[in-house]
Amino acid sequence: MVAGTSRRGVLPRSSPPTLSPRRDPRLVWMAGCPGHSNAHMPFYVRFRANPVTQFEGMDMPLTSSPALAPGSSRAQSKTRRIEWFRGIREDFSNRLPLYKSDWVDGVKGKTLPTILFLYFACLAPAVAFGGISYGLTQGAMGVIEFLVSCGMSGMLYAIFSGQPMTFIGPTGLTLCFMAALFNFCSSFGVAFMPMYTWVGIWTSLMLGLLSSANACSLTKHCTRFTDEVFNALLALNFIYEALKNIAVRFFTTGTDKTQPLLALNMALATFALSQRLVSYRSSILFTHRIREFLSDFGPALTIIIMTFVGSLPMVSSLGIEYLKAPKRFQLGNGRSWLVPLWDLPLWARGLALIPAAFLTILFFLDHNISVRVVNSPDNKMKKSPAYHLDLLVLGSIVLLCSLLGLPWMCAATIQSLNHVRSVTDYVPAPGPVTVSESKGGPDEQQRTTNVMETRLTGLGIHAMVLCSIGLLPLLRRIPTPVISGIFLYLGRTVMTGNTFLQRIKGAFFDKSMLAADSPFKILGRATVNKYTSIQMGCLAVLWCLKSNPATGMFFPSVIGLLILTRILVIPRLFSKGEIAVLDDS
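Cut-offs and rules
Residues numbered from 1 in each chain as written. Predicted model: local features only at pLDDT ≥ 70, side-chain atom pairs only at ≥ 80, totals over all residues. Heavy atoms only, no water. Helix = DSSP H or I, 4+ residues; strand = E, 2+ residues; numbered from the N terminus. Buried < 20%, exposed > 50% of the residue type's maximum accessible area, 1.4 Å probe, protein only. Contact = heavy atoms within 4.5 Å. Axes fitted to C-alpha atoms, helices over the stretch in contact; angles between N-to-C directions. Parallel < 35°, antiparallel > 145°, perpendicular 65-115°, else oblique. Nonpolar A, V, L, I, M, F, W, Y, C, P; charged D, E, K, R; others polar. Patch = residues over 30% accessible without salt bridge, like charges linked within 9 Å, V, L, I, M, F, W, Y side chains within 5 Å. Areas by Shrake-Rupley, 256 points an atom, 1.4 Å probe, with all protein chains shown as cover. Salt bridge = Lys/Arg side-chain N within 4 Å of Asp/Glu carboxyl O. Phe/Tyr/Trp six-rings, centres within 6.5 Å; stacked < 30°, edge-to-face > 60°. Lys NZ or Arg CZ within 6 Å of the ring centre and 35° of its normal. Core = buried A, V, L, I, M, F, W, Y, C linked by side-chain atoms within 4.5 Å. Domains from an automatic or database assignment.

Engineer: If you had to explain the overall build of the protein to someone new, which residues and values would you point to?
Structural biologist: Counting secondary structure elements, the protein contains 24 helices and six strands. Residues classed as buried in the protein amount to 56% of the 585 residues present. Partitioning the intrachain contacts of the protein with sequence separation of at least 6 by distance along the chain shows that 79% fall at a separation of at least 24.

Engineer: So what's going on with unusual backbone geometry? Residues and values would help.
Structural biologist: A positive phi angle, near 65°, is found at Phe85, a position not held by glycine. Residue placement: Phe85 occurs in the loop between helix H1 (73–77) and helix H2 (86–95). Of note, Lys380 is a non-glycine position whose phi angle comes to about 55°, a positive value. Following the sequence through the fold, Lys380 ends up in the loop between helix H14 (353–374) and helix H15 (387–404). Residue class for Lys380 comes out partly exposed when judged on its relative accessible area of 42%.

Engineer: Give me the lowdown on the packing of H2 against H15, citing residues and values where you can.
Structural biologist: Running from N to C, H2 and H15 cross one another at 105°; their axes reach a closest spacing of 7 Å. Accordingly, the angle class assigned to the pair H2 and H15 is roughly perpendicular. Only Tyr387, His388, Leu389 and Leu392 of H15 make contact with H2, whose side of the interface consists of Gly87, Ile88, Asp91 and Phe92. By residue class, the composition of the contact of H2 with H15 is five nonpolar, two polar and one charged.

Engineer: Break down a nonpolar patch on the surface for me, with residues and values.
Structural biologist: A grouping of Leu561, Leu564, Ile567, Leu568, Val569 and Leu573 is seen on the molecular surface, where their side chains present a nonpolar patch of about 500 Å² in accessible area. Looking at the element boundaries, Leu568 is found in helix H23 (residues 555–573).

Engineer: Which residues make up the environment of Phe358, and what values do they have?
Structural biologist: Here Phe358 lies in helix H14. Each C-alpha atom of the pair Phe358 and Val558 lies 9.8 Å from the other, and the pair is 200 residues apart in sequence.

Engineer: Before we move on, can you summarise the side chain of His462 with the specific residues and values?
Structural biologist: With respect to the secondary-structure elements, His462 resides in helix H17 (residues 456–467). Those residues in contact with His462 that lie beyond four places of it in its chain are Cys122, Cys150, Gly151, Gly154, Met155, Phe167 and Ile168.

Engineer: Outline H2, supporting the account with residue identities and numerical values.
Structural biologist: Counted residue by residue, H2 has seven buried out of 10 residues, so it is predominantly covered. Among the residues of H2, Arg86, Gly87, Ile88, Glu90, Asp91, Asn94 and Arg95 are the ones counted as buried.

Engineer: Residue-level account of the packing of aromatic side chains, with values.
Structural biologist: Across all of its chains, the model carries 14 aromatic pairs by this definition. Ring geometry for Phe225 against Tyr531: centres 5.8 Å apart, planes inclined by 75°, an arrangement best described as edge-to-face. Pair noted here: Phe225 is in helix H8 (residues 224–252) and Tyr531 is in helix H22 (residues 525–547), with a separation of 306 residues, a long-range link. With a relative accessible area of 0%, Phe225 lands in the buried category. Centre to centre, the rings of Phe238 and Phe487 are 5.0 Å apart; their planes meet at 35°, and the pair counts as tilted. Here Phe487 lies in helix H19 (residues 480–495) and Phe238 lies in helix H8, a separation of 249 residues in the sequence. Looking at Phe487, the relative accessible area reads 4%, which means it is buried. A connected cluster of aromatic rings, assembled from ring pairs, spans Phe177, Phe182, Phe192, Tyr196 and Trp408. Above the face of the Tyr280 ring, Arg276 is positioned so that its terminal group lies 4.9 Å from the ring centre. Over the aromatic face of Phe574 sits the side chain of Lys530, whose NZ or CZ is 4.7 Å from the ring centroid.

Engineer: Give me the lowdown on the pattern of salt bridges, citing residues and values where you can.
Structural biologist: In total, this model carries 12 salt bridges according to the counting rule given. Between Arg86 and Glu90 there is a salt bridge, with the nearest N and O atoms lying 3.5 Å from each other. Of the two residues, Arg86 and Glu90 both sit in helix H2, four residues apart, roughly one turn of that helix. Arg86 sits in the buried class, given a relative accessible area of 11%. Classification of Glu90 as buried rests on a relative accessible area of 11%. Salt-bridge contacts for Arg95 lead to Asp102; the nearest nitrogen and oxygen are separated by 3.0 Å. As far as the burial class goes, Arg95 and Asp102 line up, both buried. Where salt bridges share partners, they join Arg95, Asp102, Asp105, Lys383 and Arg455 into one cluster.

Engineer: An account of the nonpolar core is needed here, citing residue identities and associated values.
Structural biologist: Core analysis: the biggest nonpolar cluster contains 129 residues, and Leu147, Leu181, Met195, Phe363 and Trp408 have the highest contact counts within it. Considering every element that reaches this core, the biggest residue donor is helix H4 (residues 111–136), with 12 residues. Each of domain 1 (86–425 + 447–496) and domain 2 (498–584) gives at least three residues to this core. For Phe363, the residues in contact, after removing those within four places along its chain, are Thr174, Thr203, Leu207, Asn368, Leu394, Val398, Trp408, Met409 and Cys410. The next biggest cluster of nonpolar side chains, apart from the first, holds seven residues, and it includes Met165, Val374, Val420 and Met452.

These figures come from the coordinates and say nothing about function on their own.
Right under this line is the structure:
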């Protein structure tokens, strides 16, 4: 048995991996999970041990040895080789003993309210992005394809992935890439659907190669710096889409602004009511059971209530818009399930490698960063992650979706974080808490007590999304502003705990009124503002490139610049002590 593992396959998150050089002349040094030292998804580098050096009776973590620290001359002089499939085998052996408990743990607890809430949270992007995609691809993909792909892919991921707490689904970044790919096909005069399939085939092969070569270990270079900028980008994208859907009504209507004002009020009411119901957990009103019920089922109850309000004659008569779902099941442009991929010329199949390389970068970074955030020590999950196995499963799902001509699914960070928080038990903090321990606002400081890690919620949610194809007449009754309000709620919820956004707000606060552990008090306002400005600049560049159709296909490679900025730029501008405070990963 390799040092650092247990008989059940769970690597305890509290203790670092150890070594004993006397036992084996060729040592396997195990470091922690990429990005944070207390998780345990190992990556492996073999070094030839010095026979003169003996550590009698000593267990020594890798990070405590300056001679073998990353970047040292001795470490660089040693020959490294890829141990193919090693990470996948380790992930599989670590998670297999827990597979039964992944199902059993979800039989009780918050499974039902989580399914009801996140059903709408996962359904809304599928319907919204499906409607947008229908116009971007000239009818090649629409709502039906997104519902089938989201439901089927989510169920497969819940069953076969290593860490089931992450959700996969449609994302704004993937939709942006699909639009750029459609323009790419138009420029070269090739059919979109066969090219789409070949891009997906090449992408799935590259993802499988990366997972087999233990490439997920490279995400050790991701820290809180990259995580916070990336999550801020996704959260702002949700809020932007919600506000855009409301604002466009003010410009498309005439002088009578009754309908856009009604839509704005319904969206804000949905957002406010969702937040209010969820906050009842820490209220003094009602009994404990009622407070828990209102908090767990709050977003789902909000959608039901606002849908009922939208059906009232006095509201519906004002011209409120409803979800645009098709009346019957039919694939885009009346095509069959299997895409005629051999209709594409041989030169075009090779050309598909170019966009496939950028899509692979997007999926690799998006998925691993999302999984890193889900497995953050702040969430206090106990079961070990499985980065390589998760990436392999994602690649297999991408291949299936490509052959069927369905939209690609990737890690949905917003839904994943809301999934973790929906199955987490919180208690009010008895005293002062740090930023990383806080799960609420200034008036609602809470601490995590238990996280229900289960596959049952993911399977149930995405099964309902797939079954929504038979509920299209009912979905057409949900007002569109209600979905915009849910988007606002999801984006705002994920912003909670993002210290990058908190530092932007803290820059305008009175320094004397801040908490004792605030970086503004520890380092000073100038240092913190300089660090925050760099993150704001990275966020602005990413947003501009994402929003520009001409750079949409090349946008994924720019995400990698966040990592390079953290590695090359930040250490030159800040001391190690300052980085330790601002980037505690």
